[in-house]
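Listed here are the chains, written in short residue letters.
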Amino acid sequence: MSTEPNAVSESSLNSQAITPASLPATRLFYWSLRRELWEYRSIYLAPLGFAGVTLLASVFVLALLPHIMRTLPSLGPAQQHKALSHPYDIAAGLIMGAAFIVSIFYSLDALYGERRERSILFWKSLPVSDLTTVLAKASVPLVILPLLAFAITAVTDFVMILLSSLVLLASGLSVATLWTQVGLGHSLLGLLHHLVTVHMLWYAPLYAYLLLVSAWARRAPFLWAVLPPLAIGVFEKIAFHSSHFADFLLNRVGGGSDVMGADFPMQSGMRSAPWNFLSSPGLWLGLMVAAIFLLVAARLRRYREPI
Amino acid sequence: MTVIEARGLRKAFGTTIALDGVNLRVDEGRILGLIGPNGAGKSTALNAILGLTQYQGELRVLGRDPWAERDQLMRDVCFIADVAVLPRWMRVSQALDYVAGVHPRFDRAKAEGFLAKTDIQRKSKVRELSKGMVTQLHLALVMAIDARLLVLDEPTLGLDILFRKQFYDSLLNDYFDRSRTIVVTTHQVEDVQNVLTDLMFIYRGRIVLSCSMEEFETRYLEVAVKPEQAAAARALQPMHEWQTLGRSIFLFDHGAGKNDPKIDRQQLAALGDVRTPSIADLFVAVMGDKQGDRPGSTAVPAQGAAQ
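Definitions and cut-offs
Residues numbered from 1 in each chain as written. Chains lettered and ligands numbered in written order. Predicted model: local features only at pLDDT ≥ 70, side-chain atom pairs only at ≥ 80, totals over all residues. Heavy atoms only, no water. Helix = DSSP H or I, 4+ residues; strand = E, 2+ residues; numbered from the N terminus. Buried < 20%, exposed > 50% of the residue type's maximum accessible area, 1.4 Å probe, protein only. Contact = heavy atoms within 4.5 Å. Areas by Shrake-Rupley, 256 points an atom, 1.4 Å probe, with all protein chains shown as cover. Buried area = accessible area lost by both parts, 1.4 Å probe. Salt bridge = Lys/Arg side-chain N within 4 Å of Asp/Glu carboxyl O. Polar contact = N/O pair within 3.5 Å; in protein donor to acceptor, adjacent residues only side chain to side chain. Nonpolar A, V, L, I, M, F, W, Y, C, P; charged D, E, K, R; others polar. Pairing = 2+ DSSP bridges. Axes fitted to C-alpha atoms, helices over the stretch in contact; angles between N-to-C directions. Phe/Tyr/Trp six-rings, centres within 6.5 Å; stacked < 30°, edge-to-face > 60°. Parallel < 35°, antiparallel > 145°, perpendicular 65-115°, else oblique. Left-handed = near helix turned anticlockwise from the far one by under 90°. Expected span 1.5 Å × (residues − 1). Bend = angle between axes of the 7 residues up to and from the residue. Core = buried A, V, L, I, M, F, W, Y, C linked by side-chain atoms within 4.5 Å. Patch = residues over 30% accessible without salt bridge, like charges linked within 9 Å, V, L, I, M, F, W, Y side chains within 5 Å. pLDDT = per-residue confidence, 0-100.

Q: Can you break down the overall build of chain A residue by residue, with the values?
A: Helices and strands together make up the secondary structure of chain A, namely 17 helices and zero strands. Taken over 307 residues, chain A has a buried fraction of 44%. Pairs at least 24 residues apart make up 79% of the contacts formed inside chain A by residues separated by at least 6 positions. Accessible surface computed for chain A: about 15700 Å², of which carbon and sulfur atoms make up 72%.

Dropping the structure here:
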């Protein structure tokens, strides 16, 4: 500006010209997400804690590994695979379970806690829209936690298999059987598939519903989230002797086993064909409902005052 | 330039009327004090101005509709409220990072400069700071934002005299200039008497007095009269009368009201010491008129107090 004296005098007349009037939406979203990670440290501490516990437990069974390897030839192929990959399945399940539980409690508190501690007025004193805030909060259970669970599981698995390999090498045994039986790449791909299909897409309306309740409830969001569906289910059972609503909910929470083509959600992702899943109306209806819930939550945040 | 313009502003909570047709106009470069008893509608008026609550009637803040455009408005408007607490889990450094991240007009170096004058540590969490320090932190954040309107709702509630004095000194010396506008509500009117440029009393959702401080100083006079001259003073139709240290204090409206007795300053000087009343005295006088409306009021009626 020093080369253009005119520009200086013009801009000093209008101070608004100097500073940009707005920031890109991605930047507002990024910082909104950062603040969620600052506030709810359990988002990464809980899965990390479970990973730590699994690693610690696996160190104790390392001593048994050479014995397992020696008795392996006496087992059938399926049992061989199970004996070796079992700890890895447990690790993945625990970390994913931790992420799921954190997702539920985070979603229930995300739009309620800020009103309870009255900091909502501070957040609203800054130029961030309610929709940006709600989308940033929704991305925690929908994107951040599944990806975090995957990354932490992958690292845990690698540490476990490296430790196991070291023990086997020290005992003079081959590591090739271990690596092929565990099939780390394949199981991690399966896990990623499961996280994306079930936790990100299939559970989207579930998390959106919890966020909506958290934006709406003046107290006890957990009870407000749980009791009405329970009441509807009981009402239907008594009045019509049917359980369509309960079945519908269980199907959603259970990972949509009929769509996934498996009874156990953990394995469903690995077994089902992507096409079946992507063409199921339940998925798309669920995503639409999730979008509506989030829009309503953003609307509610605008009206809601501190409690 | 007009910063705030309200016409017929109304807001009701159920059957309680918080704002009952408020007309208000605040020009650039003013410091307006909005004074009123608890529940008079001050905070509701401020919340409407900040886009935190819905209202009926016409309201423009910096040319925008606050309810519809809260997030855009907050680029140019800042606020500190006693109830709008900074999140307790947040670290000072995180607060700086966050505001720098989302606010286009935030000057981080400036905020750091303000904080350097305090005992606040960057690593401290808000919950570890004293109430005075939290206000200092909030003020440092807000003063580093190049905003056009600053709204303060009981900003110094619960702070000791030193913090309060420092708060208004900083505002005047380091922040306020003729291109900025400040609206403040407080019960500690003695703190702001020399800070304000304009004064407004609000009672039961209505503006009952509105004047500039220049007008206040020429229009309202307070005379301390010895008991023997009290009758003479009473004959001049004072707004309000009360007893202190064996003298009667009379407050006169010296301006052009409908009951204006056109009292001469000289005339008053003959009765005793003439001085500008405090805002608190005028407040009691104006509210005293309305004490019949308000159960439990301690204001003394003008005529009855003499005996």
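Q: Kindly report on the interface of chain A and chain B, identifying the contributing residues and their values.
A: With 31 residues of chain A at the interface, the matching set in chain B holds 34 residues. For chain A, the biggest contributors to the area lost against chain B are Trp 38, Phe 122 and Pro 127 of chain A; these three give 20% of the whole. Our count for the contact surface shared by chain A and chain B stands at one salt bridge. Its salt-bridge partner being Arg 70 of chain B, residue Asp 130 of chain A comes within 3.1 Å of it at the nearest N-O pair. Our count for the chain A to chain B interface comes out at eight residue pairs in polar contact (both at pLDDT 80 or more). Here the side of chain A that touches chain B takes seven residues from helix α2 (residues 25-39) of chain A, the largest share from any one element. Grouping the constituent residues of the side of chain A that touches chain B by class yields 13 nonpolar, eight polar and ten charged.

Q: Lay out the sheet that holds strand β2 (residues 16-27) of chain B in plain terms, naming residues and giving numbers.
A: Residues and elements named next belong to chain B. A sheet is described by the order of its strands in space; here three strands give the open sequence β2-β1-β4, paired in antiparallel fashion. Lying at the two open borders of the sheet, with one neighbouring strand each, are β2 and β4 (56-61). For this sheet, the mean inter-axis angle between neighbouring strands, taken without regard to orientation, is 15°. With nine bridges connecting them, strand β1 (residues 2-13) and β2 associate as antiparallel partners. Within β2, the position partnered with Ala 12 by the bridge is Ile 17.

Q: Before we move on, could you go through the environment of Gly 246 of chain B and cite the residues and values that matter?
A: Residues and elements named next belong to chain B. For Gly 246, the position within the fold is in the loop between β11 (240-244) and β12 (247-253). Exposure remark for Gly 246: the relative accessible area of 61% places this residue in the exposed category. Between the C-alpha atoms of Gly 246 and Ala 224, which are 22 residues apart in sequence, the distance is 9.8 Å.

Q: I'd like a rundown of the packing of aromatic side chains, residues and numbers included.
A: All names here are of chain A. Within this structure, the stated rule accounts for 18 aromatic pairs over all chains. Ring geometry for Phe 100 and Tyr 203: centres 5.2 Å apart, planes at 35°, overall tilted. Remark: Tyr 203 occurs in the loop between α10 (184-202) and α11 (204-216) and Phe 100 occurs in helix α5 (residues 77-110); sequence separation between them is 103 residues. The exposure class assigned to Tyr 203 is buried, which follows from its relative accessible area of 5%. With centroids separated by 6.2 Å and ring planes inclined at 5°, the aromatic side chains of Phe 105 and Phe 222 adopt a geometry described as stacked. With Phe 105 in helix α5 and Phe 222 in helix α12 (residues 221-240), this pair connects stretches of sequence that are 117 residues apart. On the accessibility criterion, Phe 222 (44% relative accessible area) is partly exposed.

Q: Please give an account of the packing of α5 of chain A against helix α8 (residues 130-170) of chain A that cites residues and values.
A: How two helices pack is summed up by the angle between their axes together with the distance between the axes. Residue and element names in this part refer to chain A. With their axes 9 Å apart at the nearest point, α5 and α8 run at an angle of 160° to one another. Relative to α8, α5 is oriented roughly antiparallel. Helix-helix and strand crossings are classified by hand; for α5 and α8 the assignment is right-handed. On α8, the residues that touch Pro 87, Tyr 88, Ala 91, Ala 92, Ile 95, Ala 99, Val 102, Ser 103, Tyr 106, Ser 107 and Ala 110 of α5 are Lys 137, Val 140, Pro 141, Leu 145, Ala 149, Ile 152, Thr 153, Thr 156, Asp 157, Met 160, Ile 161 and Ser 164. Tallied by class, the residues present in the contact of α5 with α8 amount to 16 nonpolar, five polar and two charged.

Q: Could you give an account of the sheet that holds strand β6 (residues 149-153) of chain B, naming the residues involved and the relevant values?
A: All names here are of chain B. Spatially, six strands are ordered β5-β6-β7-β3-β8-β9 in an open sheet, and the strand pairing comes out mixed. Two strands in the sheet have a free side with no partner beyond their single neighbour: β5 (77-81) and β9 (206-212). Taken over all neighbouring pairs, the strand axes of this sheet differ in orientation by 15° on average, direction set aside. In terms of strand pairing, β5 meets β6 through five bridges, oriented parallel.

Q: Describe α10 of chain A, with residues and values.
A: Because each turn of an α-helix spans 3.6 residues, side chains separated by three or four positions in sequence point in the same direction. All names here are of chain A. Taking 1.5 Å per residue as the helical rise, α10 with its 19 residues ought to reach 27 Å, and the 25 Å between its terminal C-alpha atoms agrees with that figure. The largest bend in α10 comes to about 25°, at Leu 195. For α10, the set of buried residues is Leu 184, Leu 188, Gly 190, Leu 191, His 194, Leu 195, Thr 197, Val 198, His 199, Met 200 and Trp 202.

Q: Explain the nonpolar core residue by residue, including any values.
A: The biggest cluster of nonpolar side chains holds 71 residues, and the ones touching the most others in it are Tyr 98, Leu 137, Leu 141, Leu 171, Leu 199, Phe 201 and Leu 282 of chain B. Among the elements that make up this core, the one with the highest residue count is helix α5 (residues 131-143) of chain B (eight residues). Those residues in contact with Leu 141 of chain B that sit more than four places away from it in its chain are Phe 122 of chain A together with Leu 86, Ala 95, Leu 96, Val 99 and Phe 106 of chain B. If you look at the next biggest cluster of nonpolar residues, it comprises 35 residues, including Ala 51, Ile 95, Ala 215 and Leu 294 of chain A.

Q: Run through unusual backbone geometry, naming residues and quoting values.
A: In terms of backbone geometry, most residues other than glycine have negative phi values and most peptide bonds are trans. Phi at Arg 118 of chain A is positive, roughly 65°, even though this residue is not glycine. Among the secondary structure elements, Arg 118 of chain A is positioned in the loop between α6 (113-116) and α7 (120-124). Phi is positive for Leu 62 of chain B, close to 50°, though the residue is something other than glycine. Here Leu 62 of chain B is to be found in the loop between β4 and α2 (70-73).

Q: Could you give an account of a nonpolar patch on the surface, with specific residues and numbers?
A: Residue and element names in this part refer to chain A. Together, Ile 101, Phe 105, Phe 222, Leu 223, Val 226, Leu 227, Leu 230, Val 234 and Ile 238 make up an exposed nonpolar region whose accessible area comes to about 860 Å². Taken together, the elements giving at least two residues each to the nonpolar patch come down to α5 and α12. Counting residues per element, the nonpolar patch draws most heavily on α12, which supplies seven residues. Structurally, Leu 223 is set in helix α12.

Q: With reference to specific residues and values, describe the confidence of the model for chain B.
A: Taken as a whole, chain B shows an average pLDDT of 86; of its residues, 90% reach a score of 70 or greater. Note on the complex model: pTM 0.85, ipTM 0.84.

Q: Report on the pattern of salt bridges, specifying residues and quantitative values.
A: Taken as a whole and assessed by the stated rule, the structure comprises 32 salt bridges over all chains. A salt bridge links Arg 164 of chain B to Glu 190 of chain B; the nearest nitrogen and oxygen atoms lie 3.9 Å apart. With Arg 164 of chain B in helix α6 (residues 161-175) and Glu 190 of chain B in helix α7 (residues 189-192), the pair connects residues that are 26 residues apart, well separated along the chain. On the accessibility criterion, Glu 190 of chain B (53% relative accessible area) is exposed. One salt-bridge network, in which partners are shared between bridges, spans Arg 35, Glu 36, Glu 39, Glu 114, Asp 130, Lys 137 and Arg 301 of chain A together with Arg 70 of chain B.

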